[in-house]
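Coordinates in review
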Amino acid sequence: MKSEISRAWWKEGVLYQIYPQSFKDSDGDGFGDFQGVIQELDYLESLGISMVWMNPFFESPMVDNGYDVSDYRAINPRYGTMEDFDAMIAGMKKRGIKFVLDVVVNHSSDQHKWFQSARSSRDSEYRDYYHWWPAEKGKPPHRHSLFDPEGGWDYVEESDSYYLHTFAEAQPDLNWENPKLRQEVYDIMKFWAKKGVDGFRMDAFQFASKDTTYPVFPEGHEKDFIKWYGMRPQLHDYLKEMYKEVMEPYNVFAVAEGAGSTLQDAHDLVDEARKELQTAYHFEYVDMSRTPEGYKLTDFKNVFTKWDEAFAEEGWLAVFLSNHDNARLVDRFGNPSPEFRRVSTQMLNTFLLSMRGTPYTYYGDELGMTNIDMPTIEEYVDIHAIGKYKTVLAKNEDMDEFMKVLNYSSRENARTPMQWDDTENAGFTTGTPWKKVNPNYKEINVASQDKNPNSVLNHFRNMVKLRNEHEVFVYGAYQLLDRENEETYAFLRTLDDKKVLVLLNFTNHDSALELPELKQINKTLISNYEDLNNANGKITLKPYQAVILSIN
Ligand code: NOJ
């Protein structure tokens, strides 16, 4: 089958996400920095990845680790200088790696000069950069906030009014209905595009456009938060405008965080002919496996298959299994026990890198870095975790259960320092790391895996190479096989006369399966076990075995 999907560089490569605070510290202050990334450019190249997305590094009071920007054109000194930034992306370019910038413009920091001025007076020239509810109208109707248990409006005395914040109190929402604000944002994006940035990740962008009558929403609406607070029709006009102003003239792409609440929303964001965004990532499978009870493989398959089918003809998605907002990949979808950590991470990486859609891999997942144990609230610094804790406390809910789930699912699990070697602090810093290093760094680290041909790291490199060498993994059609199988995920990728079969055992025991395609095997392209137990259309996969076969 020939895919009609148009070709583009941002569809073809593998993206690697760097959480700058935790990647590599060059000056011993305990925080990762640009010079640290520069020291590891050869490592990035060795992975075979072709894009880096870095979480925000702009000037910020760091209430939400940089997702609260106080100056969009300045670098937070913690990470270095603008010269360091320039050197870092020049080094990436030299190695064929493009750079994706995180654009946080649903909201700014409350310390941004726009907000400082806007809050001080109703006559401020920046007043309409934000959303206001004048106090003489009484209290605004309740609005849910994702981070603030008290709700999404906060009062400021100076101008006797309430301002809106979808996230924390320190993250006031920008008013996209204001053309002046939109122009400011495009100017900021142009500033970075001129510096050589190749793509933008639009943070929380589905919430950018608001109903500015701020209506009373029905009881329980926060369960379907995006439908009520996001995806207003005007959003599409703004994206079209952004496309004309930024994406088209600078030849850059943009990926949306979130894809609306329906498949139609997702298409409306990314279909090529609409000239809005180029790609998006959805959250449906992220919502799976939020508790230690885990998930059902058939649900996992169905979600991926549903989204793939919806995008088979038009539009393009990014695929990810973890990032800075989720627990570690192997803990959520694999098996972090010492016995199975290696093979189950390899299996998940095989899935990620053989699926249709641009793979987004998160730093440390190429090693099988795991969750960290944080049983008490005192250890948490994340505003999201602390906000949730306060809500449970106020509602007198089951705190033991909450802490158990938090320990398993908190995004702080995925923010521990990168494990480079087995020296103190895993070679991340010579100082005191801002966040405790996972004690398993002596076993899980780059230096030891680099030398081992069977390591998670080398398997990751081999998988990236395979994907880079065979277009079938990028543009080939996807077809699910054996849908009801609760143990093994089997699918085909087909492009013209090239056909590959991907088999993934998601269990910790042997799993047998029978498929007609197994009678047409040409050769094994990759496997995380040496032998392949295959005879006459039947195969028995070892625990977490992942194998890709080329089919005649
Ligand atoms: C989504 C980001 O990924 C997350 O880390 C952040 O806290 C919120 N948006 C608010 O910007």
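Note that this is a predicted model, so its numbers are computed, not measured.

1. Side note on the pattern of salt bridges
Tallying each qualifying case throughout the model produces 30 salt bridges. With its nearest N and O atoms 2.7 Å apart, the salt bridge here joins Glu 245 to Lys 190. Of the two residues, Glu 245 is situated in helix H9 (residues 234-250) and Lys 190 in helix H7 (residues 179-194); the sequence distance between them amounts to 55 residues. On the basis of relative accessible area, Glu 245 is assigned to the partly exposed category, the value being 24%. When salt bridges that share partners are traced, they join Asp 64, Asp 325, Asp 382, Arg 411 and Arg 415 into one network.

2. Concerning the sheet that holds strand E15 (residues 488-495)
Sheets are built from strands paired through backbone hydrogen bonds, the pairs being either parallel or antiparallel. Overall, antiparallel pairing links the 5 strands, which are arranged E14-E15-E16-E21-E18 in an open sheet. Two strands close off the open sheet at either side, each with one partner strand: strand E14 (477-481) and strand E18 (521-527). In this sheet, neighbouring strand axes are inclined to one another by 25° on average, regardless of whether the strands run parallel or antiparallel. Here 5 bridges tie E18 to strand E21 (residues 546-551), and the two strands are oriented antiparallel to one another. When the sheet's bridge partners are listed, Ser 527 is paired in E21 with Val 547. Docked against the sheet, helix H11 (residues 297-310) engages E14 and E15, running at close to 20° with respect to E15. The sheet strands contacting helix H17 (residues 456-469) are E18 and E21, and the helix crosses E18 at an angle near 135°.

3. A closer look at the site of the ligand
In the region of the ligand, the neighbouring residues are Asp 64, Tyr 67, His 107, Phe 147, Phe 167, Arg 201, Asp 203, Glu 257, His 324, Asp 325, Arg 411 and Arg 415. Within the contact set of the ligand, an oxygen atom lies 3.5 Å away from a side-chain nitrogen or oxygen of Glu 257. At 2.4 Å, a side-chain N or O of Asp 325 approaches an oxygen atom of the ligand. Burial of the ligand by the protein chains amounts to 97% of its free accessible area of 300 Å². In terms of residue class, the shell around the ligand is built from 3 nonpolar, 2 polar and 7 charged.

4. Considerations on the packing of helix H13 (residues 341-354) against H17
Between H13 and H17, the least distance of the axes is 10 Å, while the angle of their chain directions is 15°. By the angle between their axes, H13 is roughly parallel relative to H17. Viewed along their axes, H13 and H17 form a crossing whose handedness is right-handed. Across the interface between the two elements, Arg 342, Thr 345, Gln 346, Asn 349, Thr 350, Leu 352, Leu 353 and Ser 354 of H13 pack against Val 456, His 459, Phe 460, Met 463, Val 464 and Arg 467 of H17. Tallied by class, the residues present in the contact of H13 with H17 amount to 6 nonpolar, 6 polar and 2 charged.

5. Some details on empty space enclosed by the protein
All told, the structure shown has 4 cavities of 30 Å³ or more when counted by the stated rule. Counted as a void, the largest cavity has a volume near 130 Å³. Contributing to the lining of the largest cavity are 14 residues, with Asp 308, Leu 317, Val 319, Arg 356 and Gly 357 lying nearest its centre. Among the elements of the structure, H11 and strand E12 (318-320) are those that each provide at least two residues to the lining of the largest cavity. Of the residues forming the lining of the largest cavity, the biggest block, 3 residues, is contributed by H11.

What counts, and at which threshold
- Residues numbered from 1 in each chain as written.
- Predicted model: local features only at pLDDT ≥ 70, side-chain atom pairs only at ≥ 80, totals over all residues.
- Heavy atoms only, no water.
- Salt bridge = Lys/Arg side-chain N within 4 Å of Asp/Glu carboxyl O.
- Helix = DSSP H or I, 4+ residues; strand = E, 2+ residues; numbered from the N terminus.
- Buried < 20%, exposed > 50% of the residue type's maximum accessible area, 1.4 Å probe, protein only.
- Pairing = 2+ DSSP bridges.
- Axes fitted to C-alpha atoms, helices over the stretch in contact; angles between N-to-C directions.
- Contact = heavy atoms within 4.5 Å.
- Near = heavy atom within 4 Å.
- Polar contact = N/O pair within 3.5 Å; in protein donor to acceptor, adjacent residues only side chain to side chain.
- Areas by Shrake-Rupley, 256 points an atom, 1.4 Å probe, with all protein chains shown as cover.
- Nonpolar A, V, L, I, M, F, W, Y, C, P; charged D, E, K, R; others polar.
- Parallel < 35°, antiparallel > 145°, perpendicular 65-115°, else oblique.
- Left-handed = near helix turned anticlockwise from the far one by under 90°.
- 1 Å grid on protein atoms, 1.4 Å probe; cavity = no way out; pocket = protein on both sides within 12 Å on 5 of 7 lines; lining within 4 Å.
- Points joined across faces, edges and corners; volume = space filled by probe spheres on them.

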